[in-house]
Amino acid sequence: MALRDASVVVIETGRTVVRAGLGLHELLKTPSVIIQARVGLRKTASNINDVQPNYETAKNSASSSRASSLPLIAPPNASANDYLVGTQLDDALAAGQDIAISWPFADGDVRDWSQAEAIWKYVLFNQLERRRAQNESPVLLSMYPGLSRDTYERTCQVFFERFNVAGFSILERPLAQLYSTTSLSGVIVDIEYDRTDITPIYEGFIQRSACDTIHLGIRDCQNYLVHILRHSHPSLMKTLFPPESETPSEETIEETLLALVKQILEEGYIKVPSDGETAIPEDEGVTDIAAIVVAGKEKAIIESGMKKKANAKASAAEQARAREIEALDLVTIQFRDKSVTLGKERHRLCEPLFDPTLLNGINKSKNSVSLQDAVGRAVRQTDVDMRQYIWQGLFVTGDLTRHVKGIAVALQSRLSPFIAQPELQTDVQARFIRILYLPDYYPEYRDTGEGFAAFLGCSIVAKLTFSDIHSKTFVSKADYSQKGPHAVIEMSPALL
């Protein structure tokens, strides 16, 4: 039976987010399903009240550098059908039900198989509307690198025996992210909720001994900006909590400010200042309409023209006020029926990534090394003759890059000390650091930053993997019947 592109399923499994999509189109699409990688269990279920949250990683499943602060609650008698996932869980929490939350992938490994199965099952059968009895969809699944063979084999077993997929292949997440840039060598910096993974890759092979995970992530950045707004922005505090109203509790203040930070982050009001950045010059005129359309900039050109016309008609006082606002970099947003004005302090969100000592007194956990030191250390762990090629592919990705621009440029400027001095150059030493971006010829991904890189890379590989049913690049049902779960090790090229 031929495998049709329209039936192929791509699932990207992250620490805190799972993304999926059905079908490989001529223009590769962004994920149609995005859910948090968590499950919920009602505490009225048997024995749930006796099970305490486990914040540590199982000794045999992941290293201490991967240990997550997100809880794992795994009653021994719970099955995949007992767990709430996605909108089911969101609705239960919104209704105020007593729910125990668990994150099975938070360590980059599979901490509980019933919970992992519940998430994948929800994605396949609830969101993508596949039918188990007649499942004609092959699945390409991305997972974190360095997992045990037992983990890969059991994953293969779940998809064939529990989901009845037509074919199956696994791609390691950093490789998918690098493939999305059409490069084979580089260093992947994947910034997630509470961890950042650093993975050097040379000629398509992950340099396992050089991989690192540091305890810095989006949560640290959000907590830092909450701290700044609370202690350095009295006018904001008066707007959110008027003096005539009831004095809010500490928990209410933290929750409100965190919600505000998340809103300005998601709406794209934050960028990372860097000495290496230069202002984008305004267009003086449009000379090549075709080039503008191909680059997807027609909307920006139209808005720029309308802004110029509006400024030309404005009075001198209005123009002066506009210049003042632009200099102060003020932005006004609507937040919970209130008009909130923020200035340049919002751009300090990412400072803890480059200077973790700023988190002293904010986070209870011990400080991590800075992002630039971790990246430089990881590349220095690779062979000397590989480094110049790895430095030519600095790729910063993760959920944070979907909304914040300039992180890669800021990191690039801070990594310059790790490049050898010009007077000491040899043939094998790196001379520069090049930043990688997603190519412009994927129009669906132009406005997504680099946050969907793993899903795009998986889609590209899936298109090649399942194009020939006689190839040995994925496990078919016949292969699974003959060889069992071990077939995934032999027939997923990325795992060899």
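Coordinates for the structure precede this section.
Residues numbered from 1 in each chain as written. Predicted model: local features only at pLDDT ≥ 70, side-chain atom pairs only at ≥ 80, totals over all residues. Heavy atoms only, no water.

Draft legend 1. The arrangement of the pattern of salt bridges in detail. For the structure on display, the rule yields 21 salt bridges. Its salt-bridge partner being Glu 12, residue Arg 19 comes within 3.0 Å of it at the nearest N-O pair. Residue classification places Arg 19 among the buried positions, given a relative accessible area of 2%. For Glu 12, a relative accessible area of 0% corresponds to the buried category. Here Asp 194 and Arg 195 are joined by a salt bridge, their closest N and O atoms 3.7 Å apart. The class for Arg 195 is buried, based on a relative accessible area of 6%. What you see here is one network of salt bridges that share partners, running through Glu 12, Arg 19, Arg 173, Asp 190 and Asp 399. (Salt bridge = Lys/Arg side-chain N within 4 Å of Asp/Glu carboxyl O. Buried < 20%, exposed > 50% of the residue type's maximum accessible area, 1.4 Å probe, protein only.)

Draft legend 2. Looking closely at the environment of Val 369. Its location among the elements puts Val 369 in the loop between helix H11 (351-354) and helix H12 (371-380). Between the alpha carbons of Val 369 and Asp 355 there is a distance of 8.1 Å; along the sequence they are 14 residues apart. Look past the residues within four positions of Val 369 in its chain and what remains in contact with it is Ile 214, Leu 216, Pro 356, Ala 374 and Arg 377. (Helix = DSSP H or I, 4+ residues; strand = E, 2+ residues; numbered from the N terminus. Contact = heavy atoms within 4.5 Å.)

Draft legend 3. How the structure looks around the nonpolar core. Grouped together as the largest cluster of nonpolar side chains are 58 residues, with contacts concentrated most on Leu 349 and Leu 400. Residue contributions to this core peak at seven residues, all from helix H5 (residues 218-232). Excluding residues that lie within four positions of it along the chain, Leu 400 makes contacts with Ile 191, Ile 218, Leu 265, Leu 349, Cys 350, Leu 353 and Ile 407. In this structure, Val 39, Phe 105, Val 139 and Val 165 belong to the second largest nonpolar core, which totals 44 residues. (Core = buried A, V, L, I, M, F, W, Y, C linked by side-chain atoms within 4.5 Å.)

Draft legend 4. Examining unusual backbone geometry more closely. In this model, Arg 336 sits at a positive phi of 50°, which is unusual for a non-glycine residue. Locating Arg 336 in the fold gives a position in the loop between strand E12 (331-335) and strand E13 (338-342). Although it is not a glycine, Asp 337 sits at a positive phi angle of roughly 65°. Considering the arrangement of structural elements, one finds Asp 337 in the loop between E12 and E13. Looking at Asp 337, the relative accessible area reads 80%, which means it is exposed.

Draft legend 5. Fine view of the environment of Ser 471. Assignment of secondary structure puts Ser 471 in the loop between helix H15 (453-465) and strand E15 (475-476). Along the chain, Ser 471 and Met 491 lie 20 residues apart, while their C-alpha atoms are 9.2 Å from each other.

Draft legend 6. View of the environment of Phe 474. Counting through the fold element by element, Phe 474 comes out in the loop between H15 and E15. Placed 334 residues apart in sequence, Phe 474 and Leu 140 show a C-alpha to C-alpha distance of 8.7 Å.

Draft legend 7. Region of the structure containing H15. Taking 1.5 Å per residue as the helical rise, H15 with its 13 residues ought to reach 18 Å, and the 18 Å between its terminal C-alpha atoms agrees with that figure. The buried fraction of H15 amounts to eleven of the 13 residues, a majority that puts the element mostly inside the structure. For H15, the full list of buried residues reads Ala 453, Ala 454, Phe 455, Leu 456, Gly 457, Cys 458, Ser 459, Ile 460, Val 461, Ala 462 and Thr 465. On the buried face of H15, the contacting elements are strand E1 (9-13), strand E2 (17-22), strand E6 (138-143), strand E7 (167-172), helix H4 (173-179) and strand E14 (394-398). (Expected span 1.5 Å × (residues − 1).)

Draft legend 8. Just the sheet that holds E1, in detail. The six strands are arranged E3-E2-E1-E6-E7-E15 in an open sheet whose pairing can be described as mixed. Looking at strand neighbours, the two that pair on one side only are strand E3 (33-36) and E15, the edges of this open sheet. Across five bridges, E1 lies against E2 in antiparallel orientation. Among the inter-strand pairings, Glu 12 is bridged to a residue of E2, identified as Arg 19. Its contacts with the sheet put helix H3 (residues 149-161) on E1, E6, E7 and E15, and the angle it makes with E7 is roughly 145°. (Pairing = 2+ DSSP bridges. Axes fitted to C-alpha atoms, helices over the stretch in contact; angles between N-to-C directions.)

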